[in-house]
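Structural overview for review
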Amino acid sequence: MSAVEFALDDAVTEAGVWRRHFHATPELRYEEHATAAFIADKLRAFGFDRVETGIGKTGVVGLLKGKRSGPGRNVGLRADMDALPILEANEVAHKSTNIGVMHACGHDGHSASLLAAARYLSVSRDFAGSAVFIFQPAEEGGAGGKAMIEDGLFDRFEVDEVYGLHNMPNLALGKFSTTVGPVTSASDRFAIEIEGRGSHASRPQEGIDTVIVGTQIVNALQTIVSRNVHPHESAVVSVTMFQAGQTDNVIPQTALLRGTVRTFNPAVQDLVERRLKEVVTGVAGLFGAQATVTYLRDYPVTFNHAESTAHAVRIAQGLVGAASVEAAMKPVMGGEDFSFMLQKKPGAFVFFGNGPSSGLHTPTYDFNDQAIASAAAFWVRLVQDRTAA
Ligand SMILES: [Zn+2]
Ligand SMILES: [Zn+2]
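Residues numbered from 1 in each chain as written. Chains lettered and ligands numbered in written order. Predicted model: local features only at pLDDT ≥ 70, side-chain atom pairs only at ≥ 80, totals over all residues. Heavy atoms only, no water.

Some words on the overall build of the protein chain
Along the protein chain, the regular secondary structure elements total 10 helices and 16 strands. Here the C-alpha atoms of the protein chain give a radius of gyration of 24 Å, agreeing with the 21 Å that 2.2 N^0.38 yields for 389 residues. With respect to the three principal axes, the spread of C-alpha positions in the protein chain is 80 × 45 × 40 Å. By the burial criterion, 54% of the 389 residues in the protein chain qualify as buried. When contacts within the protein chain are restricted to residue pairs at least 6 apart in sequence, those whose partners lie at least 24 apart make up 81%. Here the protein chain has roughly 16,200 Å² of accessible surface; of this, 52% comes from carbon and sulfur atoms. In the protein chain, 34 positive and 42 negative side-chain charges are present, and the distance between their average locations comes to 3 Å. (Helix = DSSP H or I, 4+ residues; strand = E, 2+ residues; numbered from the N terminus. Rg over C-alpha atoms; globule rule 2.2 N^0.38 Å. Buried < 20%, exposed > 50% of the residue type's maximum accessible area, 1.4 Å probe, protein only. Contact = heavy atoms within 4.5 Å. Areas by Shrake-Rupley, 256 points an atom, 1.4 Å probe, with all protein chains shown as cover. Lys, Arg positive; Asp, Glu negative; His and termini not counted. Charge placed at Lys NZ, Arg CZ, Asp CG, Glu CD.)

Points about the sheet that holds strand S12 (residues 254-263)
Spatially, four strands are ordered S10-S12-S8-S13 in an open sheet, and the strand pairing comes out antiparallel. Only two strands of the sheet have a single neighbouring strand rather than two, namely strand S10 (235-244) and strand S13 (290-299). On average, adjacent strands in this sheet sit at an angle of 15° to one another, irrespective of strand direction. Sitting on the sheet, helix H7 (residues 266-286) is in contact with strand S8 (186-195), S10, S12 and S13, with an inclination near 165° to S13. (Pairing = 2+ DSSP bridges. Axes fitted to C-alpha atoms, helices over the stretch in contact; angles between N-to-C directions.)

Quick notes on unusual backbone geometry
A positive phi angle is found at asparagine 170, which is not glycine, with a value near 70°. Looking at the element boundaries, asparagine 170 is found in the loop between strand S5 (161-168) and strand S6 (176-177). For asparagine 170, a relative accessible area of 55% corresponds to the exposed category. Even without glycine at this site, histidine 361 takes up a positive phi of about 70°. With respect to the secondary-structure elements, histidine 361 resides in the loop between strand S16 (347-353) and helix H10 (372-386). The exposure class of histidine 361 is partly exposed, given its relative accessible area of 39%.

Quick notes on the coordination of the zinc ion (ligand 1)
Distances from the zinc ion (ligand 1) to its protein donors, Cys105 (SG), Glu140 (OE) and His361 (NE2), fall within 2.0 to 2.3 Å. Read in sequence order, the donor residues coordinating the zinc ion (ligand 1) give the pattern C-x34-E-x220-H. For the pair the zinc ion (ligand 1) and the zinc ion (ligand 2), the metal-to-metal distance amounts to 3.2 Å, and cysteine 105 bridges them. Of the two residues, cysteine 105 sits in the loop between strand S3 (74-80) and helix H3 (107-124) while glutamate 140 sits in the loop between strand S4 (130-136) and helix H4 (144-150), which places them 35 residues apart along the sequence. For cysteine 105, a relative accessible area of 6% gives the class buried. Judged by relative accessible area, glutamate 140 falls into the buried class, the value being 13%. (Donors = N, O, S within 2.8 Å, 3.2 Å for Na, K, Ca; no water.)

Observations regarding the coordination of the zinc ion (ligand 2)
The protein atoms donating to the zinc ion (ligand 2) are Cys105 (SG), His107 (NE2) and His166 (NE2), with metal-donor distances spanning 2.1 to 2.4 Å. Mapping the donors of the zinc ion (ligand 2) onto the primary sequence gives the spacing C-x1-H-x58-H. On the accessibility criterion, histidine 107 (1% relative accessible area) is buried.

Considering the sheet that holds S6
Pairing within the open sheet is mixed, and its eight strands lie in the order S1-S2-S4-S3-S5-S16-S6-S15. The sheet is open, and its two edges are formed by strand S1 (50-55) and strand S15 (325-326), each paired on a single side. For S3 and S4, the ladder comprises seven bridges, and the chain directions are parallel. Its bridge partner being in S4, leucine 77 is matched across the sheet by phenylalanine 133. Packing against the sheet, H10 makes contact with S3, S4, S5, S6 and S16, and its axis sits at approximately 165° to S5.

Section: the packing of helix H8 (residues 306-320) against H10
It is the contact of H8 with H10, at a shortest axis distance of 10 Å, that shows an interaxial angle of 120°. Here H10 runs oblique to H8, going by the angle between their axes. Seen from above, H8 lies across H10 with right-handed handedness. Listed contacts from H10 to His311, Ala312, Arg314, Ile315, Ala316, Gly318 and Leu319 of H8 are Ser374, Ala377, Phe378, Arg381, Leu382, Asp385 and Arg386. (Parallel < 35°, antiparallel > 145°, perpendicular 65-115°, else oblique. Left-handed = near helix turned anticlockwise from the far one by under 90°.)

Some points on the UniProt feature "binding site: Mn(2+)" (unreviewed entry) in the protein chain
In the numbering adopted here, UniProt assigns the feature "binding site: Mn(2+)" (unreviewed entry) to Cys105, His107, Glu140, His166 and His361. A compact arrangement is adopted by the annotated residues: their sequence extent is 257 residues, whereas the largest C-alpha distance between any two is 13.3 Å. In this view, glutamate 140 contacts Arg29, Asp82, Ala83, Leu84, Cys105, His107, Tyr299 and His361; residues no more than four positions away in its chain are not counted. (UniProt positions renumbered as here; feature names shortened; annotations may be inferred.)

Thoughts on the packing of aromatic side chains
The tally for this structure, following the rule as stated, stands at nine aromatic pairs. With a centroid separation of 5.2 Å and an interplanar angle of 70°, the aromatic rings of phenylalanine 48 and phenylalanine 133 are classed as edge-to-face. Here the residue phenylalanine 48 occupies a position in the loop between helix H2 (33-45) and S1, and phenylalanine 133 occupies one in strand S4, the gap between them amounting to 85 residues. As far as the burial class goes, phenylalanine 48 and phenylalanine 133 line up, both buried. Here the aromatic cluster, defined as three or more aromatic residues joined through ring pairs, consists of Phe176, Phe378 and Trp379. Sitting over the face of the ring of phenylalanine 157, arginine 50 holds its NZ or CZ atom 4.0 Å from the ring centroid. (Phe/Tyr/Trp six-rings, centres within 6.5 Å; stacked < 30°, edge-to-face > 60°. Lys NZ or Arg CZ within 6 Å of the ring centre and 35° of its normal.)

Rendered as structure tokens:
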């Protein structure tokens with residue numbers, strides 16, 4: 001084993017300690033103050049050429065220049081730092097000490113893996129150009145990636161290509177998975193406020209029952225995917241919240257529904273938004289109720305650029321062998337705000353195996369420390385490969 005491999009192994013081992021520290025001290029979106037400070041301190045200790053904090057509120061960016069001679073390119077590497085409002089159910093030594101907050105999406109592992117690569121590359125600097133290490137806040141519903149861009153991320157740091165990694169539960173350790181084009185869906189949110197007429201529960205003829213109106217709307221919304229969207233296209237419409245009434249002898253005056261829409265194709269996204277509004281207004285009108293729809297386009301489709309994806313696949317194959325890299329995975333129906341970075345720069349979003357594990361966003365999920373090795377090695381190879389002119 002070469003000295004180079006030893007150093008990466010050492011970094012990976014140390015990163016396991018950092019990962020468990022992050023896991024034990026999780027912070028919600030835009031509150032990643034301790035996490036960001038920890039990361040910035042490490043990057044400075046590694047001798048980075050530039051470290052900036054507070055980009056997009058709590059984001060951290062570190063610039064590392066390679067020492068290979070000749071012109072080089074600038075590659076961006078992105079990890080996320082935030083945790084979720086979930087009460088951890090794991091009984092582990094590194095269990096969350098911030099009760100009700102939990103690293104249930106593995107962002108603790110993403111940050112630790114990128115730090116491992118940062119440590120290794122800061123020692124070897126065995127690349128041309130520069131590597132821009134992006135630690136973003138608020139991936140979970142806070143559009144932290146967008147906030148960093150709006151705060152001048154790509155003006156302050158020159159980036160020719162940008163890549164993101166995310167762990168995938170139940171994909172074997174050491175495996176990678178990605179695809180060209182849409183890799184995660186657009187994620188929209190909606191709220192439907194229904195106004196009917198409250199009445200005594202025994203005198204329904206005097207009221208307009210918002211429970212009946214709401215349930216009819218929930219049912220009718222399911223026809224958008226089954227009857228309006230082309231069978232070859234994908235879409236999800238989920239009503240995830242239904243609030244109405246306080247007691248058992250009153251027909252409630254109002255009801256509130258909330259939910260999410262997931263799509264890959266902008267034309268389908270437009271169609272679903274239009275039909276959702278038509279269905280809600282139409283069904284409410286049928287019963288003499290009023291309904292207002294608030295529709296919010298949250299995260300766009302994460303669209304992997306063809307050339308960058310080919311580079312990522314080739315690099316992963318070089319690392320773990322062709323059989324361990326899925327290059328045409330089925331896109332994930334989940335939102336991911338790395339999408340905003342891929343709207344600005346060419347690049348790709350790649351999944352790596354977390355081994356057998358609970359699902360993301362569940363109270364029994366835990367990032368697998370053994371997955372740090374493959375993620376960190378991918379980052380190192382990516383920098384060495386993509387910065388070469
Ligand atoms: Zn998540
Ligand atoms: Zn995540």
